[in-house]
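Chain by chain, the residues:
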Amino acid sequence: MLRRRRPLPFSLLLLVTCLAPGLRADSPLEDAIALYKQKNYPAARAAFAAIADADPANAEACHYLGLTLSRRADADALDEAVTWLAKAVALQPENPDYLGDYGGVCLQLADRRHSYRLARRGQEALEKCLALDPDNLDARDGLMQFFQEAPWPLGDRARARAQAEEIRKRDPRRGLLAFIYLRRSAKDDAGVFALCEDALARDPDNYTALFELGRTSATTGSRLDRGIAALHHCLTLTPPPHAPGFGQARKILGALYEKSGDIPAARAAYAAALKLRPDDPAIAAALARLPAS
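Residues numbered from 1 in each chain as written. Predicted model: local features only at pLDDT ≥ 70, side-chain atom pairs only at ≥ 80, totals over all residues. Heavy atoms only, no water.

1. Quick word on the overall build of the chain
Piece 1. A count of helical and extended segments in the chain gives 16 helices and zero strands.
Piece 2. Referenced to the eigenvectors of the C-alpha coordinate spread, the extents of the chain come out at roughly 85 × 65 × 40 Å.
Piece 3. Taking all 293 residues of the chain together, 41% fall into the buried category.
Piece 4. Once local pairs closer than 6 in sequence are excluded, the contacts in the chain between residues at least 24 apart make up 47%.
Piece 5. Entry remark: accessible area of the chain is about 16600 Å², with carbon and sulfur atoms responsible for 55%. (Helix = DSSP H or I, 4+ residues; strand = E, 2+ residues; numbered from the N terminus. Buried < 20%, exposed > 50% of the residue type's maximum accessible area, 1.4 Å probe, protein only. Contact = heavy atoms within 4.5 Å. Areas by Shrake-Rupley, 256 points an atom, 1.4 Å probe, with all protein chains shown as cover.)

In structure tokens:
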């Protein structure tokens, strides 16, 4: 005879009820975030728009909708993006990530429109972001570039350098990139080479310094042999997170060989780069312009 099941004790039933949301399938918001992380921006954009339409007070959906819009290529993308990013900030004014992304898009739009009002708005958002989260390096990088590039009275080279120093304190690799940016912005190519060589004297396997040395050789057309050697060394290392990969390194290596007159080596480097970056039209164009062997 089958035994009847005893009912669950009330305390256990309550526990199961509380845990049930965690046992359900992903929510629409989680599904949309997954699409965003997969860089399927059109699908993510539609999903976030539906969520924001159904729940206008959902700050996270507004924020992500703004981010997906900022990655659209048309002329109105940033205008639409900044509206949704501003709404996310209005809903959660103490969220440093929302402030940082809103401030960054404001500055992009200010640069396009030559808008003082948007520039100030972006600066203030990034500064508030850093007051809440001093370790937000994207915000520091955005402020550094703003202070370096903005005209008077907004620009301030000393404040740009101060942000670069703060970045270097927290992340030496990003700090090196920050100071390279400042030297490049000042058209100080010799200074960029010096920064890279100084970093390599301390760590010969510094991927970032090797890559940036090779890139600078290609853009300036100087120290070609040194640049080629640096990029070949890069290709024996593991790229750090968020650094340019081997496809980009081989692309620059092709340019260096092309500038040095070694066409077979340039062709081989470009061909290897194209295998790693098949959607990069600049590589295909570089191969096409090489003279026939």
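Having seen it, we continue.
2. Description of helix H7 (residues 116–132)
Piece 1. Its 17 residues place the ends of H7 25 Å apart at the C-alpha level, agreeing with the 24 Å of an ideal helix rising 1.5 Å per residue.
Piece 2. Within H7, burial applies to Leu 118, Ala 119, Gly 122, Gln 123, Ala 125, Leu 126, Cys 129 and Leu 130. Axial view of H7: buried residues confined to an arc of 165°, hence all on one face.
Piece 3. Elements in contact with the buried residues of H7: helix H6 (96–113), helix H8 (137–149) and helix H9 (157–170). (Expected span 1.5 Å × (residues − 1). Arc of directions from axis to C-beta.)

3. Things to note about the pattern of salt bridges
Piece 1. The tally for this structure, following the rule as stated, stands at 19 salt bridges.
Piece 2. For Glu 94, the salt bridge goes to Lys 128, with nearest N and O atoms at 3.3 Å. Pair noted here: Glu 94 is in the loop between helix H5 (77–91) and H6 and Lys 128 is in helix H7, with a separation of 34 residues, a long-range link.
Piece 3. Residue class for Lys 128 comes out partly exposed when judged on its relative accessible area of 35%.
Piece 4. Among the ionic pairs, Asp 280 bridges to Lys 251, the shortest N-O distance being 3.1 Å. On the criterion of sequence distance, the pair formed by Asp 280 in the loop between helix H15 (263–276) and helix H16 (281–289) and Lys 251 in helix H14 (residues 246–260) is long-range, its members being 29 residues apart.
Piece 5. In this structure Asp 280 comes out as buried when scored by relative accessible area, which is 11%. (Salt bridge = Lys/Arg side-chain N within 4 Å of Asp/Glu carboxyl O.)

4. Overview of the packing of H5 against H6
Piece 1. As a packed pair, H5 and H6 sit with axes 9 Å apart at the nearest point and diverge in direction by 150°. The angle between the axes of H5 and H6 places the two elements in the roughly antiparallel class. Regarding H5 and H6, the two cross each other, and that crossing is left-handed. Contacts between H5 and H6 involve Leu 78, Asp 79, Ala 81, Val 82, Leu 85, Ala 86, Ala 88 and Val 89 from the first element and Tyr 98, Leu 99, Asp 101, Tyr 102, Val 105, Cys 106, Gln 108, Leu 109, Arg 112 and Arg 113 from the second.
Piece 2. Across the contact of H5 with H6, the residue classes break down as 13 nonpolar, one polar and four charged. (Axes fitted to C-alpha atoms, helices over the stretch in contact; angles between N-to-C directions. Parallel < 35°, antiparallel > 145°, perpendicular 65-115°, else oblique. Left-handed = near helix turned anticlockwise from the far one by under 90°. Nonpolar A, V, L, I, M, F, W, Y, C, P; charged D, E, K, R; others polar.)

5. Section: the confidence of the model for the chain
Piece 1. Of all residues in the chain, 91% attain a pLDDT of 70 or more, and the chain-wide mean is 91.
Piece 2. Predicted confidence is poor over residues 1–25, with pLDDT under 50, and the contacts of this stretch with residues over four places away or in other chains come to one contact. (pLDDT = per-residue confidence, 0-100.)

6. Section: the packing of aromatic side chains
Piece 1. Across all of its chains, the model carries five aromatic pairs by this definition.
Piece 2. For the pair Phe 48 and Tyr 64, a centre-to-centre distance of 5.2 Å together with 10° between the ring planes defines the contact as stacked. Here Tyr 64 lies in helix H4 (residues 59–70) and Phe 48 lies in helix H3 (residues 41–54), a separation of 16 residues in the sequence. By the burial criterion, Phe 48 is buried, and Tyr 64 matches it.
Piece 3. An aromatic cluster is present here, built from Tyr 36, Tyr 41, Phe 48 and Tyr 64 joined pairwise through their rings.
Piece 4. If you follow Arg 223 out to its NZ or CZ, it ends over the ring of Phe 193, 4.1 Å from the centre. (Phe/Tyr/Trp six-rings, centres within 6.5 Å; stacked < 30°, edge-to-face > 60°. Lys NZ or Arg CZ within 6 Å of the ring centre and 35° of its normal.)

7. Quick word on the side chain of Ser 217
Piece 1. Looking at the element boundaries, Ser 217 is found in helix H12 (residues 207–220).
Piece 2. With near-sequence residues (within four places) excluded, Ser 217 lies in contact with Phe 193, Ser 222, Arg 223, Leu 224, Gly 227 and Leu 256.

8. Some points on H14
Piece 1. Helix length check: H14 (15 residues) gives 21 Å between terminal C-alpha atoms against 21 Å at 1.5 Å per residue, within 8%.
Piece 2. Packed against the buried residues of H14 are H12, helix H13 (224–234) and H15.
Piece 3. Remark: Gly 261 follows H14 within two positions and exhibits a positive phi of approximately 90°.

9. What about the packing of helix H10 (residues 172–185) against H12?
Piece 1. Packing of H10 against H12 brings their axes to within 10 Å, and their N-to-C directions diverge by 20°. Classified by the angle their axes make, H10 and H12 are roughly parallel. Between H10 and H12 the crossing geometry is right-handed. The segment H10 lies against H12, with Arg 173, Leu 176, Leu 177, Ile 180 and Arg 184 engaging Thr 208, Ala 209, Glu 212, Arg 215 and Thr 216.

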